[in-house]
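# Commentary on secondary and tertiary structure
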Amino acid sequence: MDTGRIKLEEFRLVPEHDLESPAKRSDHDGIIKLISMDDIDMELDFIGFNISLVNAYRRIILAEVATMAIEKVYMYNNTSIVQDEVLAHRLGLVPLKVDPRFFEFRNKDEKEWGAQDSVKYELKVRCSKNPQASDKETNPDILYKDRKVLSSSLKWMPIGNQTDIFQESSMQPLHDDILLAKMNCGHLINLEAYAVKGIGSDHAKFQPGLSWYRMLPEIKLVREVEGEDALLLQKCFSPGVIDIITNSEGKNVANVNDARNDACSRNVFQYDNIKDSVKMTRKTDHVIFYVESHSALKSHEILDEAVSIMIGKCDLLLSEIEKHLEMDADT
Amino acid sequence: MPIGADGFRLPTVNEPGSKNKLEMIRGAGQDEYCRTFVINEEDHTLGNALKHVLMQHPAVEVCGYTVPHPMERSIHVRVQTKGVPAIQVLHQSLTTLKNQNQMVKQMIQDEVTKYKEDNSSQ
């Protein structure tokens, strides 16, 4: 993109040529800044990169980074009111702590469940009367034991030599309080479930997390806004974006504190008295990128995997082109 | 990407009998400097990024990509060049894209280690 900024007007977006930075940036002088990170969330800035590259990472995170999820359920007995297929679907959506990088994709015509490509779970629960409950008790949660079937009842059953490699604590569901079914006294669930490695484009249960991006918003005050108008202006933007300071003449004037957090709403255009006072733009070569994990992979691991997948795509195609080039050379 | 019998996708392997990853459209209007490449098992993820890198290449006159049908996983990349054969331009651009990705990967890793170091002391 050769324009550096997009101006937000009342009813349209106008590309604006950037005069401050050099007209054409090469793609090799981009920088990345990590703003904040923990195991779940991550926020980072891609500065000076083309948006198509950032979008590729987002698309890969949503569709191609692999995780483990339950894929097949063998239902031996299910007398609860949750139908077999509904229960199986719910099981599939449970995020697992299993690290997908230790596993392979299952082969197309595989019949057996191998230690290198699948994880086995067992769910055996029966709802029974709670002998400790008092006679006057009416709350069914206390009256019956195992009334709620939670993800914590999924028990890992090692296949082959998996006990040598994994510990039980790293194979359980990521959250142990996911409600799978509710049962009444005498109801019973007995099933076996197999988790495999898969990708998000096949089913959303395989998605490692969420990812989204936005361009850096910028706000410039063209003229001084004071008093009541300043308060009104402050209300037009996200909290913390505009603050009010007392200037040297003792007037309370609006000041841009931090445009980064602005939601880029155009509320300011509702008010004719202040709408000419601001210039809102977004920087097209400064992308704020977010990753949010809801799987075994940490947020930065997800992004790292995505970039590796992109490199893999290039490698595969490069080797294919080289084959063509060699063929041409031979003839 | 092929989807296995059990529903989940297989990794990016070239199975025997599957289509070639890269094909070239033959016919009138196609020559060494003006080619339409068919890349199978790819979509906008690679297509858009590749198009932008191709546009930066000095030998490229025209280039663009399209997804001919949303249910078929393939993209058509058209490259029209001056002086250098189109396939070589594609090769060079892909190398550029790969290097750029490797650079990004390295920068992310550096930033993550730095961030961890800065925040472990607190």
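Because the structure is predicted, anything quoted here is derived from the model rather than measured. (Residues numbered from 1 in each chain as written. Chains lettered and ligands numbered in written order. Predicted model: local features only at pLDDT ≥ 70, side-chain atom pairs only at ≥ 80, totals over all residues. Heavy atoms only, no water.)

### Quick word on the pattern of salt bridges
Residues and elements named next belong to chain A. Under the counting rule described, the total for this entry stands at 29 salt bridges over all chains. In this structure, Lys205 engages Glu71 in a salt bridge whose closest nitrogen and oxygen atoms are separated by 3.2 Å. You can see Lys205 sitting in the loop between strand E12 (188-198) and strand E13 (209-221) and its partner Glu71 sitting in strand E5 (residues 67-78), a full 134 residues away along the chain. The class for Lys205 is buried, based on a relative accessible area of 18%. (Salt bridge = Lys/Arg side-chain N within 4 Å of Asp/Glu carboxyl O. Helix = DSSP H or I, 4+ residues; strand = E, 2+ residues; numbered from the N terminus. Buried < 20%, exposed > 50% of the residue type's maximum accessible area, 1.4 Å probe, protein only.)

### With respect to the domain arrangement of chain A
You can read the domains of chain A as domain 1 (5-64 + 210-222 + 277-290) and domain 2 (67-206). Inter-centroid distance (C-alpha atoms) of domain 1 of chain A to domain 2 of chain A is 41 Å. (Domains from an automatic or database assignment.)

### Topic: the pairing of strand E16 (residues 278-293) of chain A
Residue and element names in this part refer to chain A. Of all 16 residues that make up E16, 14 are buried, and the element is covered over most of its length. With four bridges connecting them, strand E1 (residues 5-8) and E16 associate as antiparallel partners. Within E16, the position partnered with Leu8 by the bridge is Met280. Pairing of strand E4 (residues 41-47) with E16, which is carried by seven bridges, proceeds in the antiparallel orientation. If you follow Asp45 over to E16, its bridge partner there is Ile288. Looking at chain direction, E13 and E16 are connected through 13 bridges and run antiparallel. Residue pairing across strands places Trp212 opposite Tyr290, the latter belonging to E16. (Pairing = 2+ DSSP bridges.)

### Structural notes on the sheet that holds strand E4 (residues 74-81) of chain B
Strand order in the open sheet made by the four strands is E1-E2-E4-E3 (chain B), with antiparallel pairing throughout. Since the sheet does not close on itself, it has two edges, and those belong to strand E1 (22-24) and strand E3 (60-66) of chain B, each with one partner. Pairs of neighbouring strands in the sheet enclose a mean axial angle of 20°, with direction left out of account. Strand direction decides the pairing type here: strand E2 (residues 34-40) of chain B and E4 of chain B, joined by seven bridges, are antiparallel. Note that in E4 of chain B the partner of Cys34 of chain B across the bridge is Gln80 of chain B. Across the sheet, helix H6 (residues 299-330) of chain A lies against E1 and E2 of chain B, angled at about 45° from E1 of chain B, the strand it touches most. (Axes fitted to C-alpha atoms, helices over the stretch in contact; angles between N-to-C directions. Contact = heavy atoms within 4.5 Å.)

### Looking at helix H1 (residues 44-56) of chain B
When the terminal C-alpha atoms of H1 of chain B are compared, their 18 Å separation across 13 residues agrees well with the 18 Å that a helix rising 1.5 Å per residue should span. Looking only at H1 of chain B, the buried set comprises Thr45, Leu46, Gly47, Asn48, Ala49, Leu50, His52, Val53 and Leu54 of chain B. Turning to H1 of chain B, the residues buried within the fold contact helix H1 (51-63) and H6 of chain A together with E2, E3, E4 and helix H2 (86-120) of chain B. (Expected span 1.5 Å × (residues − 1).)

### Thoughts on the interface of chain A and chain B
Every contact between the two is made by 53 residues of chain A and, on the other side, 49 residues of chain B. Summing both sides of the interface, chain A and chain B together bury roughly 4900 Å²; the carbon and sulfur share of this comes to 64%. Close ionic contact of Arg59 of chain A with Asp43 of chain B constitutes a salt bridge, the shortest N to O distance being 3.3 Å. Taken together, chain A and chain B are joined by 13 residue pairs in polar contact (both at pLDDT 80 or more). Listing elements by their share of the side of chain A that touches chain B, those giving two or more residues are strand E3 (31-37), E4, H1, E5, E12 and H6 of chain A. For the side of chain A that touches chain B, the residue count by class is 27 nonpolar, 10 polar and 16 charged. (Buried area = accessible area lost by both parts, 1.4 Å probe. Polar contact = N/O pair within 3.5 Å; in protein donor to acceptor, adjacent residues only side chain to side chain. Nonpolar A, V, L, I, M, F, W, Y, C, P; charged D, E, K, R; others polar.)

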